[in-house]
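Now for the letters of each chain:
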Amino acid sequence: GSVLGKGGPGDTMDAFLDRQDGRLGPRSREVWDEYNQRTVELTKEEMQAIRRIRKGMFPHLTIDPFPPLMEFTTHEKMHVPLLDHAEPKRRFLPSKWEAMKVVKLV
């Protein structure tokens, strides 16, 4: 393949100074797309998303950053267990230390 030349939006210094002076007017939302090598005009929604990201917020208002959590523990007895493990044998048999305490008490 042939080597692609590096393109650009033109004189970047002039574009920066025009943007700072406010002489661009409606073209102030134009940005250079490095991937596609062309100038792209951002919409109002994209500009709002960029402002929200710069402020450290979520880009869209429709996203709830803190959805209500499902509580796993309640005071009510659950009919279906949270974990589906077989009960270990040690829960049904008294431990060695419990047996020694019973012998000591009796």
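As shown above, the structure is provided for reference.
None of the values given here were measured: they were computed from a predicted structure. (Residues numbered from 1 in each chain as written. Predicted model: local features only at pLDDT ≥ 70, side-chain atom pairs only at ≥ 80, totals over all residues. Heavy atoms only, no water.)

Participant: Provide a residue-level description of the overall build of the protein chain, including the pertinent values.
Facilitator: The secondary structure content of the protein chain amounts to three helices and two strands. Put simply, the protein chain has 106 residues, and 5% of those count as buried. Pairs at least 24 apart in sequence give 11% of the contacts found in the protein chain among residues at least 6 apart. Within the structure as shown, the protein chain displays about 10900 Å² of accessible surface, and the carbon and sulfur contribution to it stands at 59%. (Helix = DSSP H or I, 4+ residues; strand = E, 2+ residues; numbered from the N terminus. Buried < 20%, exposed > 50% of the residue type's maximum accessible area, 1.4 Å probe, protein only. Contact = heavy atoms within 4.5 Å. Areas by Shrake-Rupley, 256 points an atom, 1.4 Å probe, with all protein chains shown as cover.)

Participant: Give a detailed account of a nonpolar patch on the surface, specifying residues and quantitative values.
Facilitator: A surface patch of nonpolar side chains, about 300 Å² in accessible area, is lined by Met13, Phe16 and Leu17. Here Phe16 falls in the partly exposed class, since its relative accessible area comes to 45%. (Patch = residues over 30% accessible without salt bridge, like charges linked within 9 Å, V, L, I, M, F, W, Y side chains within 5 Å. Salt bridge = Lys/Arg side-chain N within 4 Å of Asp/Glu carboxyl O.)

Participant: Describe in detail the packing of aromatic side chains, supporting the description with residues and values.
Facilitator: In this structure the tally under the stated criterion is zero aromatic pairs. Above the plane of the ring of Trp97 lies Lys96, whose end atom (NZ or CZ) is 4.9 Å from the centre. (Phe/Tyr/Trp six-rings, centres within 6.5 Å; stacked < 30°, edge-to-face > 60°. Lys NZ or Arg CZ within 6 Å of the ring centre and 35° of its normal.)

Participant: Describe the layout of surface pockets, naming the residues involved and giving the relevant values.
Facilitator: Empty space within the second largest pocket amounts to approximately 180 Å³. Around the second largest pocket, the lining comprises ten residues; the ones closest to its centre are Ser28, Val31, Leu42, Met47 and Arg54. At the level of elements, strand E1 (30-33) and helix H2 (44-54) are the ones that each hand at least two residues to the lining of the second largest pocket. Counting residues per element, the lining of the second largest pocket draws most heavily on H2, at four residues. (1 Å grid on protein atoms, 1.4 Å probe; cavity = no way out; pocket = protein on both sides within 12 Å on 5 of 7 lines; lining within 4 Å. Points joined across faces, edges and corners; volume = space filled by probe spheres on them.)

Participant: Explain unusual backbone geometry to me, and be specific about the residues and the numbers.
Facilitator: For Gln37, which is not glycine, the phi dihedral falls at a positive 55 degrees. One can find Gln37 in the loop between E1 and strand E2 (38-41).

Participant: Go over the pairing of E2 with me, naming the residues and quoting the values.
Facilitator: Pairing between E1 and E2: four bridges, direction antiparallel. Looking at the pairing, Asp33 lines up with Arg38 of E2. Following E1, the chain reverses through four residues before pairing antiparallel with E2; Gln37 in that reversal takes a positive phi of roughly 55 degrees. (Pairing = 2+ DSSP bridges.)

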